[in-house]
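For reference, the chains in residue letters:
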Amino acid sequence: MPGLGIVENGLIAACDGRIVYAGSEADASALDAPDVIDCAGRWITPGLVDCHTHIVHGGDRAHEFELRLAGATYEELARAGGGIVSTTRATRAATEDGLVASALPRVDALMAEGVTTMEVKSGYGLDRDAEMKSLRAARRLGEVRPLSIVTSFLGAHAMPPEAAGDKDAYITKVCDEMLPAVATAGLADAVDAFCDNIGFTPEQVTRVFEAAKALGLRVKLHAEQLSNQHGAALAARYGALSADHLEHIDEEGAMALARAGTVAVLLPGAFYFVRETQKPPVDLLRRHGVHIAIASDSNPGSCPLTSLLMTMNMAATLFRLTVDECLIGVTREAARALGRLDDVGTLETGKSCDLAIWDIERPAELVYRMGFNPIHARVWRGK
Ligand code: DI6
Ligand code: FE
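Residues numbered from 1 in each chain as written. Chains lettered and ligands numbered in written order. Predicted model: local features only at pLDDT ≥ 70, side-chain atom pairs only at ≥ 80, totals over all residues. Heavy atoms only, no water.

Considerations on the site of ligand 1
Okay, so step 1: Arg61, Tyr74, Tyr124, His157 and Ser302 are the nearest of the 14 residues found near ligand 1.
Okay, so step 2: Between Gln225 and ligand 1, the recorded distance is 3.1 Å, taken from a side-chain N or O atom to a nitrogen atom.
Okay, so step 3: For ligand 1, the protein covers 100% of the area, taking 320 Å² as the surface of the free molecule.
Okay, so step 4: In a pocket analysis with a 2 Å cut-off to the grid points, ligand 1 is assigned to the largest cavity. (Near = heavy atom within 4 Å. Polar contact = N/O pair within 3.5 Å; in protein donor to acceptor, adjacent residues only side chain to side chain. Areas by Shrake-Rupley, 256 points an atom, 1.4 Å probe, with all protein chains shown as cover. 1 Å grid on protein atoms, 1.4 Å probe; cavity = no way out; pocket = protein on both sides within 12 Å on 5 of 7 lines; lining within 4 Å. Sits in = over half its atoms within 2 Å of the grid points.)

Side note on the coordination of the iron ion (ligand 2)
Okay, so step 1: The coordination sphere of the iron ion (ligand 2) contains the protein donors His52 (NE2), His54 (NE2), His222 (NE2) and Asp297 (OD), at a distance range of 2.1 to 2.4 Å.
Okay, so step 2: Coordination at the iron ion (ligand 2) comes from four donor atoms whose angles at the metal span 79 to 167°, giving a geometry best classed as irregular.
Okay, so step 3: Within one chain, the residues serving as donors to the iron ion (ligand 2) are arranged as H-x1-H-x167-H-x74-D. Placement of the pair is His54 in the loop between β4 (48-50) and α1 (62-69) and His222 in strand β8 (residues 218-223), with a sequence separation of 168 residues. (Donors = N, O, S within 2.8 Å, 3.2 Å for Na, K, Ca; no water. Tetrahedral: all angles 85-135°; square planar, octahedral: opposite > 155°, others 65-115°. Helix = DSSP H or I, 4+ residues; strand = E, 2+ residues; numbered from the N terminus.)

What about the sheet that holds strand β10 (residues 263-266)?
Okay, so step 1: Pairing is parallel in the open sheet, where eight strands are placed in the order β4-β5-β6-β7-β8-β9-β10-β11. Every other strand in the sheet has two partners, leaving β4 and β11 (292-294) as the edge strands with one partner each. Sheet twist, expressed as the average angle between the axes of neighbouring strands with direction ignored, equals 25°.
Okay, so step 2: Where strand β6 (residues 148-156) lies against strand β7 (residues 190-195), three bridges are found, and the strand directions are parallel. Looking across to β7, one finds that Ala156 is bridged to Ala193.
Okay, so step 3: Against the sheet, helix α7 (residues 202-214) makes contact with β6, β7 and β8, and its axis sits at roughly 175° relative to β7, the strand it touches most. (Pairing = 2+ DSSP bridges. Axes fitted to C-alpha atoms, helices over the stretch in contact; angles between N-to-C directions. Contact = heavy atoms within 4.5 Å.)

Considering the layout of surface pockets
Which parts of space are left empty comes out when a probe the size of a water molecule is rolled across the atoms.
Okay, so step 1: Approximately 410 Å³ is the volume found for the second largest pocket.
Okay, so step 2: Around the second largest pocket sit 15 residues that line it, and Arg68, Tyr74, Phe273, Val274 and Arg275 are the ones nearest its centre.
Okay, so step 3: Elements that contribute at least two residues to the lining of the second largest pocket include exactly α1, α2 (74-79) and α10 (268-273).
Okay, so step 4: A per-element tally of the lining of the second largest pocket places α1 first, with three residues.
Okay, so step 5: The class makeup of the residues in the lining of the second largest pocket is eight nonpolar, three polar and four charged. (Points joined across faces, edges and corners; volume = space filled by probe spheres on them. Nonpolar A, V, L, I, M, F, W, Y, C, P; charged D, E, K, R; others polar.)

Some words on the side chain of Asp297
Okay, so step 1: Inspection of the secondary structure puts Asp297 in the loop between β11 and α12 (308-319).
Okay, so step 2: Although Asp297 is buried, it forms no salt bridge, and the closest oppositely charged side chain is Lys121 at an N-O distance of 6.9 Å.
Okay, so step 3: Ignoring any residue separated from it by four or fewer positions in sequence, one finds Asp297 in contact with His52, Thr53, His54, His245, Leu267, Ala270, Ser302 and Cys303. (Buried < 20%, exposed > 50% of the residue type's maximum accessible area, 1.4 Å probe, protein only. Lys, Arg positive; Asp, Glu negative; His and termini not counted. Salt bridge = Lys/Arg side-chain N within 4 Å of Asp/Glu carboxyl O.)

Looking at the side chain of Thr88
Okay, so step 1: Tracing the backbone through its elements, the reader meets Thr88 in helix α3 (residues 84-93).
Okay, so step 2: There is a polar contact of 3.2 Å between the side chain of Thr88 and the backbone oxygen of Tyr124.
Okay, so step 3: Apart from the residues within four sequence positions on either side, Thr88 is in contact with Tyr124, Gly125 and Leu126.

A few points about the sheet that holds strand β3 (residues 43-46)
Okay, so step 1: Taken in spatial order, the three strands make up an open sheet running β3-β12-β13, and their pairing is antiparallel. Only two strands of the sheet have a single partner each, and these edge strands are β3 and β13 (375-379). Across the sheet, the mean angle separating the axes of adjacent strands is 20° when strand polarity is ignored.
Okay, so step 2: When strand β12 (residues 355-358) meets β13, the two strands line up antiparallel, connected through four bridges. Across the sheet, the residue bridging to Ala356 is Arg378, located in β13.

A closer look at α12
Okay, so step 1: The buried fraction of α12 amounts to nine of the twelve residues, a majority that puts the element mostly inside the structure.
Okay, so step 2: Here α12 has its buried residues at Leu308, Leu309, Thr311, Met312, Asn313, Met314, Ala315, Ala316 and Phe319.
Okay, so step 3: Of the residues that open α12, the one with a side-chain oxygen 3.4 Å from the backbone nitrogen of Leu309 is Ser307.
Okay, so step 4: A positive backbone phi angle near 65° is found at Arg320, which sits one or two residues after α12.

A closer look at the pairing of strand β9 (residues 242-245)
Okay, so step 1: In the sheet, β8 pairs with β9 via four bridges, with the strands oriented parallel. Looking across to β9, one finds that Lys220 is bridged to Ser242.
Okay, so step 2: Pairing of β9 with β10, which is carried by three bridges, proceeds in the parallel orientation. When the bridges of β10 are listed, Ala243 appears paired with Ala264.
Okay, so step 3: Since β9 and β10 lie parallel, the crossover through helix α9 (residues 251-260) that links them has a hand, and here it is right-handed. (Right-handed = clockwise from strand over helix to strand, strands pointing away.)

Here it is as structure tokens:
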């Protein structure tokens, strides 16, 4: 993997929100720019990309957190009808405006650290109307904030209470009713699913992927978070944009991701918050040349995290990613995981002029500090 591609004494020129030059100042031909901003020796990175969030939802799960502190496990709470399903109740009860309003403070926290592109999943509505309401709320975040939003339909996230445990029947509803409605309304840029013993089986995920394929939608997958269901290989077979979590991925899975160019999205915040002990096999992913991104996984249950800077620190401290891997993981590889590498994620001519300008001496500072935000300015589409 090439490194950060650092340019000293660099210059970035933009026109109509697009980068028209990015490189060394000395090599830049005379540019007749009406506005020149001197960054006074600061560092400029691409605007950060958070490629995996569940940031739109009703309520919170602070009480569950207390129960976990008293000894309950994440899996036990999920099986006892808490967990995702309790957020489903709150999400269904919320209005679309309410979902936007409750998500905005979390979105603002990420944006304040230089995030300019954010993926948002549904998956807490778990019926057609509530899933569509969540996705509309997600799209609206990009209308009320200077931010690019990419949406994923995650109907196959958990079982809604009224499905009475019949997973196959619920997946039929996801494929035949929910997904077509979401696709027709143009509400989803991709389709995601949760493949695990407390989620859905590879066979059920296959049905969802087939339905997505028939509608021309790209797929991604929550895979190998709590157990190895060979979800990564399944995702790769469908040319998935990404396979996410991957604590339990094996060598075959890593090879499949590499072959397919499917990005491995690591989510150290969830690993930390649910006190996982099995780490994703980063060396294995490296050895096979798998693209590695990292993301916040911002969600009320397993990762109430709204900081990509902290995510980078966790990826380095807990998973031993290098500084370069962390920075590339929240820019270029995160953009790749969203299928948006042609538009964002690097500083290159033709791409959207999305920048984060930092008050730092060296890039490692962005990964090294905990709870400190050295941003100087954030630029989205040239503004
Ligand atoms: N895995 C996760 O970490 C989140 N969803 C998933 O499939 C957890 C979502 C939640 O607990 O609310
Ligand atoms: Fe997730």
